[in-house]
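Spelled out from the first residue to the last, the chains are:
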Amino acid sequence: MSSELFDQLEKKVSQAVDTIEMLQLEVEELRQDNQRLKDERQQWEGRLNRIIEQLGSLDDSADAAPQAPAAQQPHSGQ
């Protein structure tokens, strides 16, 4: 093989290594973003579940409370 072919091969290998390193950094950033988003989603789900529980307890207490009959006013018969 000529020196020129080795130079071309060396250049392509160097470019491939640079690309792989760049992609590995990008993958790590994406993993961190993914974990952050999972944590954020979990927090939102917890908050929503607490709100739903509060609304459910309001609904349960409204169902359990005795309903007062509506006061009927005498109808004037003119």
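Residues numbered from 1 in each chain as written. Predicted model: local features only at pLDDT ≥ 70, side-chain atom pairs only at ≥ 80, totals over all residues. Heavy atoms only, no water.

Looking at this model, I keep getting lost on the overall build of the protein. Mind explaining?
Each helix and strand in the protein was counted, giving one helix and zero strands. Counting every position in the protein, which comprises 78 residues, the buried fraction comes to 0%. With the model as given, the accessible surface of the protein reaches about 7,900 Å², and the carbon-plus-sulfur share is 54%. (Helix = DSSP H or I, 4+ residues; strand = E, 2+ residues; numbered from the N terminus. Buried < 20%, exposed > 50% of the residue type's maximum accessible area, 1.4 Å probe, protein only. Areas by Shrake-Rupley, 256 points an atom, 1.4 Å probe, with all protein chains shown as cover.)

Could you clarify how one ought to interpret the packing of aromatic side chains in this entry?
For any two aromatic rings, the description comes down to two numbers: the centre-to-centre distance and the angle of the planes. Tallying each qualifying case throughout the model produces zero aromatic pairs. Over the aromatic face of Trp44 sits the side chain of Arg47, whose NZ or CZ is 5.1 Å from the ring centroid. (Phe/Tyr/Trp six-rings, centres within 6.5 Å; stacked < 30°, edge-to-face > 60°. Lys NZ or Arg CZ within 6 Å of the ring centre and 35° of its normal.)

Looking at this model, I keep getting lost on the pattern of salt bridges. Mind explaining?
Inspection of every chain in the model, using the stated rule, returns two salt bridges. A salt bridge links Arg36 to Glu40, with the nearest nitrogen and oxygen atoms 3.6 Å apart. Taken as a pair, Arg36 and Glu40 lie in helix α1 (residues 3-64) at a separation of four residues, close to a single helical turn. Residue Glu45 is joined to Arg41 by a salt bridge in which the shortest nitrogen-to-oxygen separation is 3.4 Å. (Salt bridge = Lys/Arg side-chain N within 4 Å of Asp/Glu carboxyl O.)

What's the story with a nonpolar patch on the surface in this structure? I'm lost.
A contiguous nonpolar surface patch, about 510 Å² in accessible area, is contributed by Leu48, Ile51, Ile52, Leu55 and Leu58. On the basis of relative accessibility, which here comes to 53%, the residue Leu55 falls in the exposed class. (Patch = residues over 30% accessible without salt bridge, like charges linked within 9 Å, V, L, I, M, F, W, Y side chains within 5 Å.)

Looking at this model, I keep getting lost on a negative patch on the surface. Mind explaining?
Together, Glu26, Glu28, Glu29 and Asp33 make up a region of like negative charge exposed at the surface. Counting through the fold element by element, Glu28 comes out in helix α1. (Lys, Arg positive; Asp, Glu negative; His and termini not counted. Charge placed at Lys NZ, Arg CZ, Asp CG, Glu CD.)

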